[in-house]
Amino acid sequence: NAGVTQTPKFQVLKTGQSMTLQCAQDMNHEYMSWYRQDPGMGLRLIHYSVGAGITDQGEVPNGYNVSRSTTEDFPLRLLSAAPSQTSVYFCASSDASGSPDTQYFGPGTRLTVL
Amino acid sequence: AQSVAQPEDQVNVAEGNPLTVKCTYSVSGNPYLFWYVQYPNRGLQFLLKYITGDNLVKGSYGFEAEFNKSQTSFHLKKPSALVSDSALYFCAVREIIRSYIPTFGRGTSLIVHP
């Protein structure tokens, strides 16, 4: 199993550009989520999904969109990048049954917005 | 709403000494509690969790945590610290039934000196 994969690992954008951060998991997990990590702020939840076709907002959803068309994939879209979105982004997945609540994290995407 | 507090930004300990990383939580009902570790330029890795049962939970790499309901705490402990334990540690809480996804604390940097 590859676990949770994220692409790209690094990205530099100009203000106003849009892009999609990719996240995929091969563990057949129902729950997937996106976090951003900023110094002194810890991990903050952006959006999450409890299954294909179901998404909801987290603590800091503004400026981001998500969709969940398959169990495996959960892309995060930045609509119009702003310098405040400079951060490290982590995708995570967890099983709704079996060993619930253990979150598996991807390696992260480091995004810089100029 | 669920929340978690890690009152120390940084904990310093000498190798071989016991270590404690503090965490307190707030939920309306019953909690699931977690500790994760992050090494530099990596995603978070699961250490241990409290779901139910014994208040003392044992996890990976010799770490343990004690659930204290009256003090709403879930401190992470290790009897003898290693230099390789130096990392960023995150506490997380999920309120059973009310929430699907855990909330993370701001993180505590553990530095173990040789």
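Heads up: these notes are all about the structure in this document. Keep in mind that what you see is a predicted model, and the values were worked out from it rather than measured.

Quick notes on the overall build of chain A
Secondary structure summary: chain A contains zero helices and 11 strands in total. Its C-alpha radius of gyration of 13 Å places chain A within 12% of the 13 Å reference for a compact globule of 114 residues. Each principal axis of the C-alpha atoms in chain A carries an extent, and together these give about 45 × 25 × 25 Å. When each of the 114 residues of chain A is scored for burial, the buried share is 48%.

Section: the sheet that holds strand β8 (residues 76–78) of chain A
Residues and elements named next belong to chain A. Taken together, four strands build an open sheet; the order of strands is β1-β3-β8-β7 and the sheet is antiparallel. A single partner strand is all that each edge strand has here, and the edge strands are β1 (4–7) and β7 (64–66). Strand-to-strand twist in this sheet, taken as the mean axis angle between neighbours without regard to direction, amounts to 20°. Of the strand pairs in this sheet, β7 and β8 are connected by three bridges, and their pairing is antiparallel. Among the inter-strand pairings, valine 66 is bridged to a residue of β8, identified as leucine 76.

Some points on the side chain of A:Ser49
Residue and element names in this part refer to chain A. Positionally, serine 49 belongs in strand β5 (residues 42–51). The exposure class assigned to serine 49 is buried, which follows from its relative accessible area of 0%. Polar side-chain contacts of serine 49 include one of 2.9 Å to the backbone oxygen of glycine 51. Of the polar contacts made by the side chain of serine 49, one reaches the side chain of arginine 68; its length is 2.7 Å. Sequence-distant contacts of serine 49, defined by excluding residues within four places in its chain, comprise Glu30, Tyr31, Met32, Ile54, Thr55, Arg68 and Phe74.

Section: the interface of chain B and chain A
Across the contact, 19 residues belong to chain B and 21 residues belong to chain A. Summed over the shared surface of chain B and chain A, the number is zero salt bridges. In this assembly, chain B and chain A are joined by four residue pairs in polar contact (both at pLDDT 80 or more). If you list the elements that add at least two residues to the side of chain B that touches chain A, you get β5 (31–38), β6 (44–50) and β10 (87–95) of chain B. A total of four residues in the side of chain B that touches chain A trace back to one element, the largest contributor, which is β5(B). Taken together, the residues that form the side of chain B that touches chain A break down as 11 nonpolar, four polar and four charged.

Notes on the pairing of β1(A)
Residues and elements named next belong to chain A. On β1, burial follows the alternation: Val4 and Gln6 on one face are buried, whereas Thr5 and Thr7 on the facing-out side are not. In terms of strand pairing, β1 meets strand β3 (residues 19–25) through four bridges, oriented antiparallel. Paired with threonine 7 across the strands is glutamine 22, a residue of β3.

Rules of the game
- Residues numbered from 1 in each chain as written.
- Chains lettered and ligands numbered in written order.
- Predicted model: local features only at pLDDT ≥ 70, side-chain atom pairs only at ≥ 80, totals over all residues.
- Heavy atoms only, no water.
- Helix = DSSP H or I, 4+ residues; strand = E, 2+ residues; numbered from the N terminus.
- Rg over C-alpha atoms; globule rule 2.2 N^0.38 Å.
- Buried < 20%, exposed > 50% of the residue type's maximum accessible area, 1.4 Å probe, protein only.
- Pairing = 2+ DSSP bridges.
- Axes fitted to C-alpha atoms, helices over the stretch in contact; angles between N-to-C directions.
- Polar contact = N/O pair within 3.5 Å; in protein donor to acceptor, adjacent residues only side chain to side chain.
- Contact = heavy atoms within 4.5 Å.
- Salt bridge = Lys/Arg side-chain N within 4 Å of Asp/Glu carboxyl O.
- Nonpolar A, V, L, I, M, F, W, Y, C, P; charged D, E, K, R; others polar.

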